[in-house]
Amino acid sequence: IAGITQAPTSQILAAGRRMTLRCTQDMRHNAMYWYRQDLGLGLRLIHYSNTAGTTGKGEVPDGYSVSRANTDDFPLTLASAVPSQTSVYFCASSEGITADTQYFGPGTRLTVL
Amino acid sequence: SQQGEEDPQALSIQEGENATMNCSYKTSINNLQWYRQNSGRGLVHLILIRSNEREKHSGRLRVTLDTSKKSSSLLITASRAADTASYFCATYYTGGFKTIFGAGTRLFVKA
């Protein structure tokens, strides 16, 4: 069982470019999440999905969009990247929508120049 | 604003000593979780304590929760160099639909 996989592992991107970070889980979890981690700020929730077909905004959603076409995949898209989106991005999943243990992917390190 | 805040921000101890990290939060919670993150890796769940529980143990880990003070502590006993990592508390608060993470405590255990 792989758990959660993320791709790419790292990426350097020019400002203004579009970028999609991929996330796939094989645990059949209903809920999935995208976080960004910045030094000194911990993890901040960008978007989440309680179940396939639904998404919601987290703490810092501006500049990002997500989709949840099926249970396994939860891609995060930066439509026009800006330097402030330089961060480490983590995808996570949990069995249910409330209060469950979250399982994290290995992260994607994104640098926007 | 973040729901949970860890204290201290960084902690350096000798192998064999106990490490205590604290977490304070702002509103009523359903549960509080502790996670560990090794450098460059994703977070790994350690332990969950529910709002009606006061203490939980898992191996060398002991977590306490004081809902009257809105605080929790994570104790790692007989620390090892391999315990070197960042530790985060995460709170799922009453009426919310998301788990909020604190900024973490960086623990360094010297061999």
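Residues numbered from 1 in each chain as written. Chains lettered and ligands numbered in written order. Predicted model: local features only at pLDDT ≥ 70, side-chain atom pairs only at ≥ 80, totals over all residues. Heavy atoms only, no water.

Draft legend 1. Layout of the interface of chain B and chain A. With 20 residues of chain B in contact, the opposing surface of chain A contributes 21 residues. Both faces combined, the contact of chain B with chain A buries some 1600 Å², and carbon together with sulfur accounts for 55% of it. Between chain B and chain A we count zero salt bridges in total. Contributing elements (two or more residues each) for the side of chain B that touches chain A: β4 (29-37), β5 (43-50), β9 (85-93) and β10 (99-101) of chain B. By residue number, the principal contributor to the side of chain B that touches chain A is β4 of chain B, which donates four residues. Of the residues that constitute the side of chain B that touches chain A, the class distribution is eight nonpolar, 10 polar and two charged. (Contact = heavy atoms within 4.5 Å. Buried area = accessible area lost by both parts, 1.4 Å probe. Salt bridge = Lys/Arg side-chain N within 4 Å of Asp/Glu carboxyl O. Helix = DSSP H or I, 4+ residues; strand = E, 2+ residues; numbered from the N terminus. Nonpolar A, V, L, I, M, F, W, Y, C, P; charged D, E, K, R; others polar.)

Draft legend 2. Local environment of the pairing of strand β11 (residues 108-112) of chain A. All names here are of chain A. Across the two faces of β11 the burial differs, with T108, L110 and V112 buried and R109 and T111 not buried at all. Summarising the sheet, strand β9 (residues 87-94) and β11 pair through three bridges and their orientation is antiparallel. Along β11, the bridge assignment pairs Y89 with T108. (Buried < 20%, exposed > 50% of the residue type's maximum accessible area, 1.4 Å probe, protein only. Pairing = 2+ DSSP bridges.)

Draft legend 3. Spatial organisation of the side chain of T77 of chain A. All names here are of chain A. Note on placement: T77 falls in strand β8 (residues 76-78). Of the polar contacts made by the side chain of T77, one reaches the side chain of T20; its length is 3.0 Å. Those residues in contact with T77 that sit more than four places away from it in its chain are R18, M19, T20, G63, Y64 and S65. (Polar contact = N/O pair within 3.5 Å; in protein donor to acceptor, adjacent residues only side chain to side chain.)

Draft legend 4. Summary view of the pattern of salt bridges. Tallying each qualifying case throughout the model produces six salt bridges over all chains. A salt bridge links R28 of chain A to D72 of chain A; the shortest N-O distance between them is 2.9 Å. With R28 of chain A in the loop between β3 (19-25) and β4 (31-38) and D72 of chain A in the loop between β7 (64-66) and β8, this residue pair connects regions lying 44 residues apart in the sequence. Relative accessible area serves as the criterion here: at 23%, D72 of chain A is assigned to the partly exposed category. Here E55 of chain B makes a salt bridge to R62 of chain B, at a shortest N to O gap of 3.1 Å. A relative accessible area of 29% places R62 of chain B in the partly exposed class. In this structure, a network of salt bridges that share partners links the residues R36, D38 and R44 of chain A.

Draft legend 5. Representation of the nonpolar core in the model. M21, L32, W34, L74, I76, Y87 and L107 of chain B are the most contacted members of the largest nonpolar core, which totals 21 residues. Going through the elements one at a time, β2 (10-14), β3 (19-25), β4, β5, β7 (61-66), β8 (71-76), β9 and β11 (105-110) of chain B are the ones with two or more residues in this core. Take this core: its biggest share by element is four residues, from β3 of chain B. Once you skip the residues sitting within four places of it in the chain, Y87 of chain B turns out to touch E6, M21, Y35, R36, L46, L74, I76, G104, T105 and L107 of chain B. With 18 residues, the next largest nonpolar core counts I4, Y64, V66 and L78 of chain A among its residues. (Core = buried A, V, L, I, M, F, W, Y, C linked by side-chain atoms within 4.5 Å.)

Draft legend 6. Structural view of the sheet that holds β3 of chain A. Residues and elements named next belong to chain A. The four strands are arranged β1-β3-β8-β7 in an open sheet whose pairing can be described as antiparallel. Two strands bound the open sheet, and with one partner strand each, they are β1 (4-7) and β7. The average undirected angle you get between the axes of adjacent strands in this sheet is 20°. (Axes fitted to C-alpha atoms, helices over the stretch in contact; angles between N-to-C directions.)

Draft legend 7. View of the packing of aromatic side chains. Enumeration over the complete set of coordinates arrives at seven aromatic pairs over all chains. Measuring from centroid to centroid gives 5.8 Å for F104 of chain A and Y35 of chain B, while their planes differ by 80°, and the two rings are edge-to-face. With F104 of chain A in strand β10 (residues 103-104) and Y35 of chain B in strand β4, this residue pair bridges two chains. Residues F104 of chain A and Y35 of chain B agree in their burial class; the two are buried. Taken together, the ring pairs in this structure connect Y33, Y35 and F104 of chain A together with Y35 and F101 of chain B into an aromatic cluster. (Phe/Tyr/Trp six-rings, centres within 6.5 Å; stacked < 30°, edge-to-face > 60°.)

Draft legend 8. Examining the environment of N30 of chain B more closely. Looking at the secondary structure, you find N30 of chain B in strand β4. In the structure, N30 of chain B is positioned 36 residues away from D66 of chain B in sequence and 13 Å away in space, judged by C-alpha atoms.

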